[in-house]
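In case you want the letters, here they are:
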Amino acid sequence: QESMASGTPVVAYDVGGISGMIASMQTGVLVPDHRPVALAEALGGLLSNGRLLDYMKGQARMHCSSMWSMEGCADRYVHVYGELLSWWCCAKPVA
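Chains are numbered independently. Their residues run from 1 in the order of the written sequence. Restriction of local features to residues with pLDDT of at least 70 applies here, the model being predicted, together with a cutoff of 80 or more for giving and counting side-chain atom pairs; totals for whole chains, interfaces and linings are based on all residues. The side-chain figures draw on all heavy atoms in the structure; neither hydrogens nor water molecules are used.

Caption draft 1: The arrangement of the overall build of the chain in detail. By definition, any uninterrupted DSSP run of H or I lasting at least four residues is a helix, any uninterrupted run of E lasting at least two residues is a strand, and each is numbered from the N terminus. The number of helices and strands found in the chain is four helices and two strands. For the chain, the C-alpha radius of gyration of 18 Å lies well beyond 12 Å, the compact-globule estimate for 95 residues. The buried share among the 95 residues of the chain stands at 20%. Throughout, a residue-residue contact means that at least one pair of heavy atoms, one from each residue, lies within 4.5 Å. Once local pairs closer than 6 in sequence are excluded, the contacts in the chain between residues at least 24 apart make up 44%. Here, Shrake-Rupley sampling with a 1.4 Å probe gives the accessible areas, and only protein chains in the shown set may cover a residue. By element, 64% of the accessible surface of the chain is carried by carbon and sulfur atoms, the whole surface being about 6,800 Å². Counted as positive: Lys and Arg. Counted as negative: Asp and Glu, with His and the chain ends omitted from the count. Lys charges are placed at NZ, Arg charges at CZ, Asp charges at CG and Glu charges at CD. Distance between charge centroids for the chain: 4 Å, based on 6 positive and 8 negative side chains. Throughout, radius of gyration means the C-alpha value; the globule benchmark is 2.2 Å times the number of residues raised to the power 0.38. When a residue's accessible area, from a 1.4 Å probe over protein chains only, is under 20% of the maximum for its type it is buried; when over 50% it is exposed; and in between it is partly exposed.

Caption draft 2: A look at helix 3 (residues 50-68). Compared with the 27 Å implied by 1.5 Å per residue over 19 residues, the 27 Å span of helix 3 between its first and last C-alpha is a close match. Packed against the buried residues of helix 3 are helix 1 (2-5), strand 2 (28-31) and helix 2 (36-48). Expected span, for any helix, means 1.5 Å times one less than how many residues it has.

Caption draft 3: Region of the structure containing the environment of L53. Position of L53 relative to the elements: it lies in helix 3. Taking relative accessible area as the criterion, L53 reaches 16% and is therefore assigned buried. Residues L53 and R76, spaced 23 residues apart in sequence, show a C-alpha to C-alpha distance of 29 Å. Setting aside anything within four residues of it in sequence, one finds L53 in contact with P9 and L46.

Caption draft 4: Fine view of the side chain of T27. Within the secondary structure, T27 is located in the loop between strand 1 (10-13) and strand 2. Given the relative accessible area of 4%, T27 is considered buried. Dropping the residues within four chain positions of it, T27 is found in contact with M4, P9, V10, M21, I22, M56, Q59, A60 and H63.

Caption draft 5: Spotlight on the packing of aromatic side chains. Only centres within 6.5 Å qualify two rings of Phe, Tyr or Trp (six-membered ring in Trp) as a pair; their planes then separate them into stacked at under 30 degrees, edge-to-face at over 60, and tilted for everything else. Per the stated rule, a full pass over the model turns up one aromatic pair. Ring geometry for Y77 versus Y81: centroids 6.2 Å apart, planes at 20°, classification stacked. Of this pair, Y77 and Y81 are both found in helix 4 (residues 70-90), four residues apart, which corresponds to roughly one turn of the helix.

Caption draft 6: Broad picture of the packing of helix 3 against helix 4. For every element, the axis is a line fit to its C-alpha atoms; helices are fit only across the contacting stretch, and the angle between N-to-C directions ranges from 0 to 180 degrees. At a minimum axis separation of 4 Å, helix 3 and helix 4 run at an interaxial angle of 50°. Our classification of the angle between helix 3 and helix 4 gives oblique. On helix 4, the residues touching S66, M67 and W68 of helix 3 are M70, G72, C73 and R76. Note on residue classes: Ala, Val, Leu, Ile, Met, Phe, Trp, Tyr, Cys and Pro are nonpolar, Asp, Glu, Lys and Arg are charged, and everything else, Gly too, is polar. When its residues are assigned to classes, the contact of helix 3 with helix 4 shows four nonpolar, two polar and one charged. Here the word oblique covers every angle except those under 35 degrees (roughly parallel), over 145 (roughly antiparallel) and from 65 to 115 (roughly perpendicular).

Put into structure tokens, the structure is as follows:
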């Protein structure tokens, strides 16, 4: 997240929850796990394509500022609390 906030696209293996943070070919590049050649090619391809790199820099910065701004965090809390209240109000007591 810190790298994207500074406008640096991420090149990473597509493992765990990383795909929830990185939009491949938007805010970075995701490659299959255990594929070092693919990782190197993704890095080289991004560094050699200035237009794509500039695009991803802007997208990474925008994505980070929208997701981790005070407003973005507050919106997610409101959503979670709304779902909890909806569940709680509609839940039937267990006898």
